[in-house]
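Here is how the chains run, residue by residue.
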2 protein chains.
Amino acid sequence: MELIILGSAAATPIENRNLPSIALRYKNQILLFDCGEDFQRRFAKAGLKFNKPMKIFITHFHGDHILGLPPFLFRLSLNDRTAPMMIFGPRNLFLYLYIHRKILGLKAKYPIKIVEIDHKNQKLIEFEGLDSEIPKRTIKINGNLIFETNYFSIKYALVEHSVITFAYAFIEKPRYGKFVPERARNLGIPESNLWKKLQEGQIIEFNGKLIDPVKEGIVGPERPGRKITYSGDLKPCKSLIDLGRDSDLLIHEATFAKALAETAEDKKHSTSIDAANDAKKMGAKQLILTHISARYQSDALILLEEAKEIFPNTILAEDLLKIELK
Amino acid sequence: MELIILGSAAATPIENRNLPSIALRYKNQILLFDCGEDFQRRFAKAGLKFNKPMKIFITHFHGDHILGLPPFLFRLSLNDRTAPMMIFGPRNLFLYLYIHRKILGLKAKYPIKIVEIDHKNQKLIEFEGLDSEIPKRTIKINGNLIFETNYFSIKYALVEHSVITFAYAFIEKPRYGKFVPERARNLGIPESNLWKKLQEGQIIEFNGKLIDPVKEGIVGPERPGRKITYSGDLKPCKSLIDLGRDSDLLIHEATFAKALAETAEDKKHSTSIDAANDAKKMGAKQLILTHISARYQSDALILLEEAKEIFPNTILAEDLLKIELK
């Protein structure tokens, strides 16, 4: 599992910081959080592949967080993509993309679902393809769970900002223990489908004997899943703390330094201090500061220093930074 | 008058070529032709100022020619712009921007006019501001003239492409002769408002005498205006030749090399050869090849070589190339 910062700027791109976007590579798919203009270039530069299953999560409808989405979808339409795509975001997400279908001729030959989060009515409104304005289905949101697979779930929270804004948490399910291939080989089990079952902790029958991979030490004990929380834009609020509780990694906006706390408050953004306090409150293990105002260029390290005084395990985001999560 | 290539790629950006956009600096204002994604960065890098009067001309609604416009307008809204703006393009241009107003909260506190070219009915449909869906006025197009000032006019032509596409010509009016300040000084005329009148070829009264700047050699004889034609995307067609007749500079798409003439024909694009032939047919003085397919990277010079065989005074566009027009 690898996290890649595709853009770490706030509203205005600077030479070495592009507009907000974050990628998570996980089990042959890509999860994207926000789509700032021109993130497609850093997506390619990071070595990410355009024809992978993808889920995209848009935090809110400010230009710097979404205007890279239509160009990315145009690029996918050129590239003969076949892998499925889901895009989550606030109400009107479909209408916004539909206009690109209608006026600019955007096409999607691959399976695509647009899912609007209707937080007021606690519903997901799901559209299939770009052609029909009529939602395919409406689903009641269970707690704040908006997506789930065998391996992970995505939860959201409504946070405080100048427009409707969501934070998202990626929550991995408990994982099988670490696989020790030598143990399987020592028992004479050939590399086959049986290995896959053992890796998943299943008891198998082999040569008439039942083999329990945990007892035999073929897999280690179950490990807890990993959790990553992405704040979007926000001023400190309780809903983020609740969503991000015990995260392994919190990616938090830190538009301003401490000295501009009043500006942050006015604009419903966060300072380095706010980010560090949030990380501490939710019991996060690591913090990444991102969404850095264009006013900080060579002096952006001030944000890091301020945050570290409160939350030492902090990193300052930079474009194309890759973090391997173990 | 300076022309700046802000993007010379076709549909997909590559390391050193961004999506299509061209700027023309002329008498304290900026004219922009097409707005490919992220052109705002090259706009800033070229030293262009965000608070200048601007006219933007969109050739057509393919993503690579327009998706940089909304982010640019968002940036202008952050920058407290006051200078006026006009944006010309095909029908639905207003609706496309209006969706950004309604869903993404795009604001324009500066004077902004959106002008849709309704070529079928030979009308311009003009909207003022981003708030009202009701056109402010509808103007009959005179010939193919869509805009005119004291100094220049803009004409358009409908050209052949896979969607409704316009080419544009910038046509400068005849200019006053070159000003020779020494002559004015020699006659004892102080540097003042009088100089401005002399520069414009006006007869002035000075110390009781009438002074004719042309007769006195203070300004040279009237010079012809300059003409620049921009093709947009197209396959060769007569309407472009008619529009661009006797251009000083033709900026022509050359997506493909000669070897891919069939692909060009299929996709309603041009080859290097098509561009050179068009320059020759219209009697242009100079040709710039742009909109270069991503398949040509280190080997893009092949396009230039092919075109030069037919039209020697050809340049291959590159991003941030600046051309001073005398």
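In the block above lies the structure referred to throughout.
For clarity, every value in this text was computed on a predicted model and none was experimentally measured.

1. Points about the environment of A:Ser153
Residue and element names in this part refer to chain A. Structurally, Ser 153 can be placed in strand β10 (residues 152-159). In the structure, Ser 153 is positioned 19 residues away from Glu 172 in sequence and 6.4 Å away in space, judged by C-alpha atoms. Ignoring anything within four residues of it in the chain, the contact list for Ser 153 reads Leu 145, Phe 147, Glu 148, Ala 169, Phe 170 and Ile 171.

2. So, the pattern of salt bridges
Applying the stated criterion to the full structure yields 39 salt bridges over all chains. The shortest N-O distance in the salt bridge between A:Glu200 and A:Lys196 comes to 3.3 Å. On the basis of relative accessible area, A:Lys196 is assigned to the partly exposed category, the value being 49%. Measuring nitrogen to oxygen at the nearest pair gives 3.5 Å for the salt bridge that ties B:Arg25 to B:Glu2. Note that B:Arg25 is positioned in strand β2 (residues 21-26) and B:Glu2 in strand β1 (residues 2-7), a separation of 23 residues in sequence. Accessibility expressed as a relative area gives 38% for B:Arg25, which makes it partly exposed. Ionic contacts of the salt-bridge type, sharing partners, join the residues A:Asp38, A:Arg41, A:Arg42 and A:Asp319 into one network.

3. Side note on the side chain of B:Asp248
All names here are of chain B. Looking at the element boundaries, Asp 248 is found in the loop between α7 (238-244) and β15 (249-253). Reaching out from Asp 248, the side chain makes a polar contact with the side chain of Lys 285 at a distance of 3.3 Å. Aside from chain neighbours lying at most four places away, what touches Asp 248 is Gly 225, Arg 226, Lys 227, Lys 285 and Gln 286.

4. Focus: the sheet that holds strand β5 (residues 85-90) of chain B
All names here are of chain B. Taken in spatial order, the nine strands make up an open sheet running β8-β7-β6-β5-β4-β3-β2-β1-β18, and their pairing is mixed. Here the strands that pair on one side only, and so sit at the sheet edges, are β8 (137-140) and β18 (322-324). Across the sheet, the axes of successive neighbouring strands diverge by a mean angle of 20°, strand direction being ignored. Note: strand β6 (residues 112-118) against strand β7 (residues 123-128), six bridges, orientation antiparallel. Within the sheet, the bridge partner assigned to Asp 118 lies in β7 and is Lys 123. On the sheet, helix α3 (residues 69-78) packs against β3 (29-33), β4 (54-57) and β5 and is oriented at approximately 165° with respect to β5.

5. With respect to α3(B)
By the criterion of burial, α3(B) is predominantly enclosed, with eight of the ten residues buried. Downstream of α3(B) by a residue or two, B:Asp80 has a phi angle that is positive, lying close to 55°.

6. Quick look at the packing of aromatic side chains
With the rule as written, the count across this model stands at 39 aromatic pairs over all chains. Judged by centre distance (6.4 Å) and plane angle (50°), the rings of B:Phe33 and B:Tyr168 are tilted. Here the residue B:Phe33 occupies a position in strand β3, and B:Tyr168 occupies one in strand β11 (residues 165-172), the gap between them amounting to 135 residues. Comparing B:Phe33 with B:Tyr168, the two get one shared label, buried. Look at B:Phe39 and B:Phe72: their rings are 4.7 Å apart centre to centre, the planes differ by 40°, and that puts the pair in the tilted class. In this pair, B:Phe39 is assigned in helix α1 (residues 39-45) and B:Phe72 in helix α3, connecting sequence segments 33 residues apart. Taking the relative accessible area as the measure of exposure, B:Phe39 reaches 0% and is therefore buried. Linked through ring pairs, A:Tyr26, A:Phe33, A:Phe57, A:Phe88, A:Phe147, A:Phe152, A:Tyr156, A:Phe166, A:Tyr168, A:Phe170 and A:Tyr230 together constitute an aromatic cluster. Between the NZ or CZ atom of A:Arg81 and the centre of the ring of A:Tyr110, over which it lies, the distance is 5.0 Å. The ring of B:Tyr151 has B:Lys27 lying over it, and the distance from NZ or CZ to the ring centre is 4.4 Å.

Cut-offs used in this document
Residues numbered from 1 in each chain as written. Chains lettered and ligands numbered in written order. Predicted model: local features only at pLDDT ≥ 70, side-chain atom pairs only at ≥ 80, totals over all residues. Heavy atoms only, no water. Helix = DSSP H or I, 4+ residues; strand = E, 2+ residues; numbered from the N terminus. Contact = heavy atoms within 4.5 Å. Salt bridge = Lys/Arg side-chain N within 4 Å of Asp/Glu carboxyl O. Buried < 20%, exposed > 50% of the residue type's maximum accessible area, 1.4 Å probe, protein only. Polar contact = N/O pair within 3.5 Å; in protein donor to acceptor, adjacent residues only side chain to side chain. Pairing = 2+ DSSP bridges. Axes fitted to C-alpha atoms, helices over the stretch in contact; angles between N-to-C directions. Phe/Tyr/Trp six-rings, centres within 6.5 Å; stacked < 30°, edge-to-face > 60°. Lys NZ or Arg CZ within 6 Å of the ring centre and 35° of its normal.

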